[in-house]
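# A closer look at the structure
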Amino acid sequence: MQGADLDGARRTASFRTMIIAQITDTHLSHADAANPVFGARAENLRQCVADINGLDPMPDAVIHTGDMAQHGQAGEYVHARSLLAALEVPLYVTPGNRDSRQEMARAFADDGYMKPDCAFIHYAVEAHPVRLVAVDSLAENGAAKGDLCRVRLKALDATLAEAPARPTAVFMHHPPFDVPAAPDPFAYQRRQAAADLAAVVCKHPQVVRIFTGHMHRPWMAKVGGVAASTVPSVAADLRKGRYAPTMAGRPVYQMHRFEPDWGFASETRLTDSPTQA
Ligand SMILES: [Fe+2]
C-alpha cells in the first residue's frame, strides 16, 4: 500500500483514538514467606492494575508482553490470573522465555482470543481501532534468547495480509533490535530472525508499531521502518536502568496512545502518579 493510500485507509475505517497500557515481565511465582521477592512482585502487579483501572480515560486494552511467570508453572498462571482479573479492560497476553506457552494458553484460553492447544501463541485481535497481532518469539530449545521460525513468520505474513487497510500493532516478548545499554544487547539467537521479521513488517505498511518486553528497560528503535520499543519490567526488583531514588519499589508501565494522524505516542507511567502533570 502506498503512503497516500495508507493515509486514506487510516482515516476512513471508523478511526478513533486508542489507548493501550503495556505491562511486561512480572516474573510472578507463589508468594512465600521465606522469599518476600514474589510477594513484592505480586504487589507491583496489583499496583499497576489499580493504577490502570483509575485512569481517565481508561485504556481500551492492556497487553502483557511476556515473562508473566518466573518458572512457567500452571499454578503461577492461576496466581497471575487472579491478580489480572481485577483489570476492567480487556487483556491480551504473549509469552516470554520464562513462560510456558502451553500453560499460558491453558490459563487464558477462556478469554477467547487464542486457542488452548496452539503450537504457537499467535493471534489477531479485531475488536479495537488498532488491530493487535501477537507474535510468539520463544526459542524451541528453551533458551532465554528468542527465535522466529519459518512457520511463525509465514503465519505473521498471512495474518497481516488479511487486513492491509487497518492500522496494526504487533506485540511480542523479544525486541528484534539491539539495546546497546544492556550487557547483552541482542535478544535473539540468530541475527537472521530479526532480519526476517523486519522483512515481513516491510511488506505490510499498515503496521504502525511493535511493542516488546524482555530487556526490563525502556528503549526505542526502528524495525522494517516501524517504531519498535521495549519497556521496564513491572517487577521493580528486576528493572534495569537508572531511576530516581523516589521510584524505588514502585512499578512502572507504559501507555501508548494512537492517533490516526501520527500513530502511537508513548509515555512511561509511574504508578500512583497524578494523571495530569
Ligand atoms: Fe523478563
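Quick caveat, the model's predicted, so the values are computed rather than measured.

Let us look at helix α4 (residues 101-108). Buried residues of α4: Arg 101, Met 104, Ala 105, Ala 107 and Phe 108, and no others. On an axial view of α4, the arc spanned by its buried residues comes to 165°, and they lie on one face. Tucked into the core, α4 has its buried residues touching α3 (74-84), β3 (91-93) and α5 (150-161).

Let us look at the pairing of strand β11 (residues 263-270). Relative to β11, strand β10 (residues 252-259) runs antiparallel, the two being bridged by 8 bridges. When the sheet's bridge partners are listed, Glu 259 is paired in β11 with Gly 263. Hairpin connection, β10 to β11: the antiparallel pair is bridged by 3 residues.

Another aspect to go through is the state of the cysteines. For the structure shown, the criterion picks out 0 disulfides. Here Cys 118 stays unpaired: no disulfide links it, and the sulfur of Cys 149, its closest cysteine neighbor, is 13 Å away.

Using the criterion set out here, one finds 6 aromatic pairs in the structure. Each ring, one from Phe 211 and one from Phe 264, has its centre 5.2 Å from the other, and the planes form 80°; the classification is edge-to-face. Of this pair, Phe 211 sits in strand β7 (residues 207-212) while Phe 264 sits in strand β11, placing them 53 residues apart in sequence. Assigned by exposure class, Phe 211 and Phe 264 land together as buried.

In this section: the pairing of strand β9 (residues 226-230). Counted residue by residue, β9 has 4 buried out of 5 residues, so it is predominantly covered. Note: β7 against β9, 3 bridges, orientation parallel. Across the sheet, Phe 211 pairs through a bridge with Ser 229, a residue of β9. In this sheet, β9 lies alongside strand β8 (residues 219-223) in antiparallel orientation, the contact comprising 5 bridges. Of the residues in β9, the one forming a bridge with Val 223 is Val 226.

Counting across every chain of the model gives 18 salt bridges. Between Glu 267 and Arg 257 there is a salt bridge, and its shortest N-O distance comes to 2.9 Å. With Glu 267 in strand β11 and Arg 257 in strand β10, this pair connects stretches of sequence that are 10 residues apart. Under the relative-accessibility criterion, Glu 267 is labelled partly exposed at 36%. Connected via shared salt-bridge partners are Arg 101, Asp 136, Glu 140 and Arg 152.

So, about the packing of α3 against α4. How two helices pack is summed up by the angle between their axes together with the distance between the axes. Where α3 meets α4, the closest approach of the two axes is 9 Å, and the angle between their N-to-C directions is 40°. One element, α3, and the other, α4, form an angle in the oblique class. The crossing of α3 and α4 is right-handed. Every residue of α4 that contacts α3 at Ala 74, Tyr 77, Arg 81 and Leu 84 is listed here: Glu 103, Met 104, Ala 107 and Phe 108.

Conventions used here
- Residues numbered from 1 in each chain as written.
- Predicted model: local features only at pLDDT ≥ 70, side-chain atom pairs only at ≥ 80, totals over all residues.
- Heavy atoms only, no water.
- Buried < 20%, exposed > 50% of the residue type's maximum accessible area, 1.4 Å probe, protein only.
- Helix = DSSP H or I, 4+ residues; strand = E, 2+ residues; numbered from the N terminus.
- Arc of directions from axis to C-beta.
- Contact = heavy atoms within 4.5 Å.
- Pairing = 2+ DSSP bridges.
- Disulfide = S-S within 2.5 Å.
- Phe/Tyr/Trp six-rings, centres within 6.5 Å; stacked < 30°, edge-to-face > 60°.
- Salt bridge = Lys/Arg side-chain N within 4 Å of Asp/Glu carboxyl O.
- Axes fitted to C-alpha atoms, helices over the stretch in contact; angles between N-to-C directions.
- Parallel < 35°, antiparallel > 145°, perpendicular 65-115°, else oblique.
- Left-handed = near helix turned anticlockwise from the far one by under 90°.

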